[in-house]
Amino acid sequence: MSRALLWLRTEHKPLEQRAAVTPAVARSLIEAGYRIVVETSEQRAIDIAEYAAVGCDTAEAGDWQQAPADAIVIGLKELDTTLGPFRHRHVHFAHAYKFQRGWESTLAAFAAGGGKLYDLEYLVDDQQRRVAAFGYWAGYVGAGLALLALAAQRSSNSIEALESTASPGNTDSSQTSGLLGALDAWPHREALQCCVQQALLNMAGGSGQPLQALVIGARGRSGRGAVDLCHSLGIETTAWDIKETTAGGPFDAILDHDVLINCVFVDQPVPPFTTLKHLAEPGRRLAIVSDVGCDPYGEQNPLPIYNECTTLDNPTMRLLPATENTPPLDLIAIDHLPSLLPLESSEDFSQQLLATLLTIDELGSGAWGRAGQLFEEKLKASCSVAASS
């Protein structure tokens, strides 16, 4: 039985090495009757030959723009609107439904081409739970980077001390920025864990007290990943979730930890967990904020302490300088953290997504139907905003 044509496109976001569909999952889809085309990619962590070996057809990077009109184009990260107008049915994370920067132009590109978006972030089951997410690995990596940055901050020669550990194979100090040099992917979680452990062993200074991490959103996917990384290294970890944050911030307890790892996903405005004014109070112990949630461009941001994401090339941003009795405060806010563990995170996500992918030729029902309806609602809202402006 011949089913829908699925087109796995190249990622356009720099340094994004993950894939929404792995060769193992592609094999299952082909066995179920789907035809799959996979574009070549210089940055994908999985070689194109592995896809060909399981029966996928191949195409050049960017060929999705000329793909047959009935193809379903699958990616991970958002597409630049200069690649539009979008005429196909697309599956990816668009980051356009919470009024993030550029949301109007993104939806306008779909409207102009007559295409449709099935946003992976809003692909949910009957109980409104996401069918697949990278959250665990985002939290795991976010916690690891927080501890690497803390070690760097407390070392007198932070860049040089981490050149051999911050990212495998990255030894060009001219590319470093802030506390950490440009980051490359780790081959597996054990390599990341070993890297952080070594950096902490080499760490200079500190209060002499055991390190303490605060994870907010600890019961969610991202929070569990962050807690697991901290526990694997013996870091004392305070785990907060809805119960601890219901009263609304700012929370003074944040100031009494060495690192804050925010793993909260919010879909409505909440009182801020902290503010720059709050963080500037004397006696603050907090030195590193790792915002795994990473949504500075929308109105639903529990950490309104920055307005630009950091990147894999420039992982940290200084928020506050050191004073006589407080350390400097540095931020990590990278919006695709799992790309630093691309193989494990891709395999995990793709397996989570498989059951739903097997029904992708039924886009009007189930999780696909809900995602399609939400797109239509958001598109209508964006058209209303455009008409009134």
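This write-up is about the structure you can find in this document.

Analysis parameters
- Residues numbered from 1 in each chain as written.
- Predicted model: local features only at pLDDT ≥ 70, side-chain atom pairs only at ≥ 80, totals over all residues.
- Heavy atoms only, no water.
- Helix = DSSP H or I, 4+ residues; strand = E, 2+ residues; numbered from the N terminus.
- Rg over C-alpha atoms; globule rule 2.2 N^0.38 Å.
- Buried < 20%, exposed > 50% of the residue type's maximum accessible area, 1.4 Å probe, protein only.
- Contact = heavy atoms within 4.5 Å.
- Areas by Shrake-Rupley, 256 points an atom, 1.4 Å probe, with all protein chains shown as cover.
- Lys, Arg positive; Asp, Glu negative; His and termini not counted.
- Charge placed at Lys NZ, Arg CZ, Asp CG, Glu CD.
- Core = buried A, V, L, I, M, F, W, Y, C linked by side-chain atoms within 4.5 Å.
- Pairing = 2+ DSSP bridges.
- Axes fitted to C-alpha atoms, helices over the stretch in contact; angles between N-to-C directions.
- Parallel < 35°, antiparallel > 145°, perpendicular 65-115°, else oblique.
- Left-handed = near helix turned anticlockwise from the far one by under 90°.
- Nonpolar A, V, L, I, M, F, W, Y, C, P; charged D, E, K, R; others polar.
- Salt bridge = Lys/Arg side-chain N within 4 Å of Asp/Glu carboxyl O.

### Remarks on the overall build of the chain
Each helix and strand in the chain was counted, giving 11 helices and 12 strands. Its C-alpha radius of gyration of 22 Å places the chain within 12% of the 21 Å reference for a compact globule of 389 residues. Principal-axis analysis of the C-alpha atoms places the extent of the chain at approximately 70 × 50 × 35 Å. Taking all 389 residues of the chain together, 53% fall into the buried category. Considering only contacts within the chain whose residues lie at least 6 apart along the sequence, 71% involve residues at least 24 apart. Accessible surface for the chain amounts to roughly 16500 Å². Of this, 49% is attributable to carbon and sulfur atoms. Between the centroid of the 28 positive side chains of the chain and the centroid of its 47 negative side chains there is a distance of 6 Å.

### Observations concerning the nonpolar core
Within the largest apolar cluster, 46 residues are counted, with the highest numbers of intra-cluster contacts made by Leu-145, Trp-186, Leu-200, Ile-261 and Ile-288. Of all the secondary-structure elements, those providing two or more residues to this core are helix 4 (135-153), helix 6 (189-201), strand 7 (212-216), helix 7 (221-232) and strand 9 (259-262). Looking at which element gives the most residues to this core, the answer is helix 4, with 14 residues.

### Regarding the sheet that holds strand 8 (residues 236-240)
If you trace the six strands from one edge of the open sheet to the other, you get 8-7-9-10-12-11, paired in mixed fashion. Unpaired on one side and paired on the other, strand 8 and strand 11 (316-320) mark the two borders of the sheet. Going across the sheet, the axis of each strand differs from the next one's by a mean of 20°, ignoring polarity. Pairing between strand 7 and strand 8: five bridges, direction parallel. Each bridged residue has a counterpart across the sheet, and for Leu-214 the counterpart in strand 8 is Thr-238. In the packing of helix 4 onto the sheet, the strands contacted are strand 9, strand 10 (288-291), strand 11 and strand 12 (329-332), and the crossing angle to strand 10 comes to about 160°.

### A few points about the packing of helix 4 against helix 6
Where helix 4 meets helix 6, the axes come as close as 8 Å, and the angle between the chain directions of the two elements is 20°. The angle between helix 4 and helix 6 falls in the class roughly parallel. Where helix 4 crosses over helix 6, the two elements pack in a sense that is left-handed. Between helix 4, through Tyr-136, Trp-137, Tyr-140, Val-141, Gly-144, Leu-147, Leu-148 and Ala-151, and helix 6, the contact on the second element is made entirely by Arg-189, Leu-192, Gln-193, Cys-195, Val-196, Ala-199 and Leu-200. For the contact of helix 4 with helix 6, a count of residues per class yields 12 nonpolar, two polar and one charged.

### With respect to unusual backbone geometry
Residue Pro-85 follows Gly-84 across a cis peptide bond; omega there is 5°. In this structure, the amide linkage connecting Gly-249 to the following residue, Pro-250, adopts the cis form with an omega of 0°. Relative to the elements of secondary structure, Pro-250 occurs in the loop between helix 8 (242-245) and strand 9. Phi at Cys-294 is positive, roughly 45°, even though this residue is not glycine. Its place among the elements puts Cys-294 in the loop between strand 10 and strand 11.

### Some thoughts on the sheet that holds strand 4 (residues 72-74)
Adjacent strands of a sheet pair through backbone hydrogen bonds, lying either parallel or antiparallel. Reading across the sheet, the six strands line up as 3-2-1-4-5-6 and stay open at both edges, with parallel pairing between neighbours. Only two strands of the sheet have a single neighbouring strand rather than two, namely strand 3 (57-59) and strand 6 (116-119). The mean inter-strand angle of the sheet, taken between neighbouring strand axes irrespective of direction, is 25°. The pairing of strand 1 (residues 5-8) with strand 2 (residues 35-39) spans four bridges and is classified as parallel.

### What to know about the pattern of salt bridges
Where charged atoms from two side chains of opposite charge approach closely, those side chains can pair. Counted by the stated rule, this structure contains 13 salt bridges. The salt bridge partner of Glu-376 is Lys-116, with a shortest N-O separation of 3.4 Å. One end of the pair, Glu-376, is in helix 11 (residues 366-388); the other, Lys-116, is in strand 6, and 260 residues separate them in sequence. Since its relative accessible area comes to 23%, Lys-116 is described here as partly exposed. Between Arg-154 and Asp-258 there is a salt bridge whose closest N-O contact spans 2.8 Å. Residue Arg-154 is found in the loop between helix 4 and helix 5 (158-162), and its partner Asp-258 is found in the loop between helix 8 and strand 9; the two are separated by 104 residues along the sequence. The exposure class of Asp-258 is buried, given its relative accessible area of 1%. What you see here is one network of salt bridges that share partners, running through Lys-13, Glu-78 and Asp-335.

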